[in-house]
Amino acid sequence: MADNTYMLEVVTPERVLQSNEVSFTVVPAIDGELGVMKNHAPLVAALNIGVLRYVDAAGSEKRIAISGGFIEVLDNEGRILAETAEHGHEIDVLRAKAARERAERRLEQRAENINYVRAEQALKRAIARLKAAGAYSD
Ligand code: ATP
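Note that this is a predicted model, so its numbers are computed, not measured.

Describing the environment of Met7
Reasoning step 1: Positionally, Met7 belongs in strand β1 (residues 6-11).
Reasoning step 2: As a C-alpha pair, Met7 and Glu72 span 65 residues in sequence and 12 Å in three-dimensional space.
Reasoning step 3: If we skip the residues at most four places from it in the chain, Met7 touches Ser19, Asn20, Glu21, Asn76, Glu77 and Gly78.

The structure is reproduced here in structure tokens:
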């Protein structure tokens, strides 16, 4: 079987989340989803808050919630530097649901002392975590 894998590293300021062979990655780039297969051209792109999906060397699809950052692809190595990142299986779903409700309540208020941008970002992070954990519903 032809080797169609390349190295994907996901790093945050706190930890190296993973450093694995993968066959396919889809990242939430700021101008849309971006798929990376082996032998991709060199690339640097900024990332949104969202869900990163990858297919590991064993062929199973995994999800990681990320909250903004960058991807660099060079010589069959993909490096993602994210502000925060969690594997779907390590996400605390109750915490993300509570964060979502808190942010939604803030956004519903019309008070002047609310920082809407901050609440919107918090809502996006919570939704990305719920999606990565497979626990998102409208
Ligand atoms: P919260 O309001 O629940 O703290 P937040 O979006 O403000 O959420 P961040 O500032 O993005 O949290 O993250 C702080 C740290 O907590 C990071 O290390 C992040 O990976 C981790 N984290 C945040 N939410 C979760 C979660 N639901 N499950 C696991 N880890 C989480």
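Continuing now.
Focus: helix α2 (residues 116-132)
Reasoning step 1: End to end, α2 covers 24 Å across 17 residues, agreeing with the expected 24 Å (1.5 Å per residue, within 8%).
Reasoning step 2: Every buried residue of α2 is accounted for by Ala119, Leu123, Ala126, Ile127, Ala128, Leu130 and Ala132.
Reasoning step 3: For α2, the secondary structure elements touched by its buried residues are β4 (43-56), β5 (61-74) and α1 (93-108).
Reasoning step 4: Residue Asn115 occupies the N-cap position of α2, its side-chain oxygen lying 3.3 Å from the main-chain nitrogen of Val117.
Reasoning step 5: Residue Gly134 follows α2 closely and has a positive phi angle near 70°.

Some points on the site of the ligand
Reasoning step 1: Lining the immediate surroundings of the ligand are Glu14, Thr84, Glu86, Glu90, Ile91, Asp92, Arg95, Ala96, Arg102, Arg125 and Arg129.
Reasoning step 2: Within the contact set of the ligand, an oxygen atom lies 2.6 Å away from a side-chain nitrogen or oxygen of Arg102.
Reasoning step 3: The separation between an oxygen atom of the ligand and a polar side-chain atom of Arg129 is 2.8 Å.
Reasoning step 4: Computed on the free molecule, the ligand has an accessible area of 600 Å², of which 70% lies beneath the protein chains in the complex.

A few points about the layout of surface pockets
Where empty space is left can be seen by rolling a probe of water-molecule size over the atoms.
Reasoning step 1: Its volume calculated, the largest pocket comes out at about 350 Å³.
Reasoning step 2: In terms of lining residues, the largest pocket is bounded by 15 residues, among which Arg95, Ala96, Ala99, Arg102 and Arg129 are the most central.
Reasoning step 3: Within the residue set of the lining of the largest pocket, elements represented by two or more residues are α1 and α2.
Reasoning step 4: Ranked by residues supplied to the lining of the largest pocket, first place goes to α1 with seven residues.
Reasoning step 5: Residue lining of the second largest pocket: Pro28, Glu33, Ile49, Gly50, Val51, Lys124, Ile127, Ala128 and Lys131, and that is the complete set.

Looking at the packing of α1 against α2
Reasoning step 1: Put simply, α1 and α2 touch, their axes get as near as 8 Å, and they point 150° apart. Regarding the angle of α1 to α2, the classification is roughly antiparallel. Seen from above, α1 lies across α2 with left-handed handedness. Touching Val93, Ala96, Lys97, Ala99, Arg100, Ala103, Glu104, Arg106 and Leu107 of α1 are Tyr116, Ala119, Glu120, Ala122, Leu123, Ala126, Ile127, Arg129 and Leu130, all from α2.
Reasoning step 2: A per-class count over the contact of α1 with α2 returns 12 nonpolar, no polar and six charged.

Here we look at the side chain of Arg100
Reasoning step 1: Relative to the helices and strands, Arg100 resides in helix α1.
Reasoning step 2: Under the relative-accessibility criterion, Arg100 is labelled buried at 14%.
Reasoning step 3: With sequence-adjacent residues up to four places away left out, Arg100 is seen in contact with Leu123, Ala126, Ile127, Leu130, Tyr136, Ser137 and Asp138.

Definitions and cut-offs
Every chain is numbered on its own, with residues counted from 1 as its sequence reads. Where totals are concerned, whole chains, interfaces and linings use all residues; where local detail is concerned, this predicted model gives features only for residues with pLDDT of at least 70, and gives and counts side-chain atom pairs only at 80 or more. Side-chain figures throughout are based on the complete set of non-hydrogen atoms in the structure, without hydrogens or water. A helix here means a DSSP run of H or I that spans at least four residues, while a strand means a run of E at least two residues long, and both kinds are numbered starting from the N terminus. Here, residues are in contact when the closest pair of their heavy atoms is within 4.5 Å. Expected helix span is computed as 1.5 Å times (number of residues minus one). Whether a residue is buried, partly exposed or exposed follows from its accessible area with a 1.4 Å probe, protein chains only, as a fraction of its type maximum: under 20%, in between, or over 50%, in that order. Polar contacts here mean pairs of N or O atoms no more than 3.5 Å apart (in protein, one a potential hydrogen donor and the other a potential acceptor; neighbouring residues in sequence count only if both atoms are side-chain atoms). Only a single heavy atom is needed: when it lies within 4 Å of a molecule or strand, its residue is near that molecule or strand. Computed by Shrake-Rupley with a 1.4 Å probe, the accessible areas treat only the displayed protein chains as cover when residues are assessed. Site definitions follow a grid-based scheme: protein atoms alone, a 1 Å grid, a 1.4 Å probe that fits but cannot get out for cavities, and for pockets an open set with protein on both sides within 12 Å along at least five of seven lines, plus lining residues having an atom within 4 Å of a point. Grid points are joined across faces, edges and corners, and a volume is the space filled by probe spheres set on the points. Fitted lines through C-alpha atoms serve as axes, helices being fitted only where they are in contact, and the angles separating the N-to-C directions of these axes extend from 0 to 180 degrees. Note on terminology: angles under 35 degrees are roughly parallel, angles over 145 are roughly antiparallel, angles of 65 to 115 are roughly perpendicular, and the others are oblique. Crossing handedness is defined as follows: a turn of the near helix away from the far one that is anticlockwise and smaller than a right angle gives a left-handed crossing, while the clockwise case is right-handed. Three classes are used: nonpolar for Ala, Val, Leu, Ile, Met, Phe, Trp, Tyr, Cys and Pro, charged for Asp, Glu, Lys and Arg, and polar for all others, with Gly counted as polar.

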